[in-house]
Structures are given as structure tokens and as C-alpha cells.
Amino acid sequence: MGESELINREVVLIYLDGARDALRVAQYNLDGDFYGAAVNRAYYAFFYAATALLLTLDITRSKHSGVMAAFRQHFVKPGTFPVQDSRNYGEAFELRNITDYEMLGKADKTQAHTVVENARRFVKHCETYLTTRGYL
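Below is a summary of the structure that appears in this document.

Positioned with a positive phi, Asp 33 is a non-glycine residue whose angle comes to about 65 degrees. By the secondary structure assignment, Asp 33 is in the loop between α1 (3–31) and α2 (35–55). Phi at Asp 58 is positive, roughly 60 degrees, even though this residue is not glycine. The topology assignment puts Asp 58 in the loop between α2 and α3 (64–76). Since its relative accessible area comes to 64%, Asp 58 is described here as exposed.

Attention now moves to the side chain of Thr 51. Counting through the fold element by element, Thr 51 comes out in helix α2. A relative accessible area of 12% means that Thr 51 is categorised as buried. Leave out the neighbours within four places in its chain, and Thr 51 touches Tyr 15 and Val 67.

This next bit is on the nonpolar core. Within the largest apolar cluster, 45 residues are counted, with the highest numbers of intra-cluster contacts made by Leu 53, Phe 71, Phe 81, Tyr 89 and Phe 122. Elements supplying a minimum of two residues to this core: α1, α2, α3, α4 (83–101) and α5 (109–132). In terms of residue count, α2 provides more of this core than any other element does, 15 residues in total.

Another aspect to go through is the environment of Phe 34. Considering the arrangement of structural elements, one finds Phe 34 in the loop between α1 and α2. The exposure class of Phe 34 is exposed, given its relative accessible area of 52%. Remark: the alpha-carbon pair of Phe 34 and Lys 109, spanning 75 residues in sequence, is separated by 8.7 Å.

For the rest of this paragraph, the subject is α3. Between the first and last C-alpha of α3 there are 17 Å, a value that for 13 residues agrees with the 18 Å anticipated at 1.5 Å per step. For α3, the set of buried residues is Gly 66, Val 67, Met 68, Ala 70, Phe 71, Phe 75 and Val 76. Looking at the buried positions of α3, the neighbouring elements they touch are α2, α4 and α5.

The rules behind these values
- Residues numbered from 1 in each chain as written.
- Predicted model: local features only at pLDDT ≥ 70, side-chain atom pairs only at ≥ 80, totals over all residues.
- Heavy atoms only, no water.
- Helix = DSSP H or I, 4+ residues; strand = E, 2+ residues; numbered from the N terminus.
- Buried < 20%, exposed > 50% of the residue type's maximum accessible area, 1.4 Å probe, protein only.
- Contact = heavy atoms within 4.5 Å.
- Core = buried A, V, L, I, M, F, W, Y, C linked by side-chain atoms within 4.5 Å.
- Expected span 1.5 Å × (residues − 1).

Quick look at the structure:
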């Protein structure tokens, strides 16, 4: 493995660790009834994990919507990841935007729980993918 491959592998793992940390904080916020904060951190678990996947293909994007679009193009469209992961990621993105940027927008317990659980499944799918590719 060359130096650039080792650096890329390290960055992939940093993003995956970020996804795992975001999940832990999402659960903490969910348990504390901070539903908007739980949605925010669960969304970032999706975002960081998807970024890690894209880095395995040497793809980077500067915008959140670009990461989601590239994930869909390179992982969902070819069938590597299920369409449901794409839907869940999109729903987390939308709810995060509402809870973060619209002062009257709130997430309830059910919505927050769903987003956190969906993010947990997505990160697991990413871990499986990264394991099969030798990153974990």
C-alpha cells in the first residue's frame, strides 16, 4: 500500500469515527429529550459515513447536497447500497434543515428516534462495506 493510499485510509477512518461519535451524541440527546439536537447529530452520522464511502473512490464534495448526490450516484444507483438508505439519508437531511434553520420547526420524539435508528443502520451498512474493502 502506497503512502497516498495509507493517508486516504486514515481519512476514511477519521470520517467513520466521526460518524460513530455523532451517533453516540445523537443517542445522548435523544435520551435527554433534545430531539432537534438528536436529529442534527444523526444527520451528521449519515453525512460523515457517506463521506467516508466516497473517499474510498477518491471522491470529495464541498456541499452537503453534493455528498448525498454522489452517494446516490456511486453507491445506490449501482445497487451497492439499498434505496432505503438513500431515502433515510434524504429524510434526515430535510428534518435537520427544519430543526436547525426554522425556529418554528421542531422534531418530536418519534421523528428523532426514527432518524437516529436509521442513521445507526446506515453506519452499520457503511462499516460492513468498509470491512469488505479492507478499510476496517
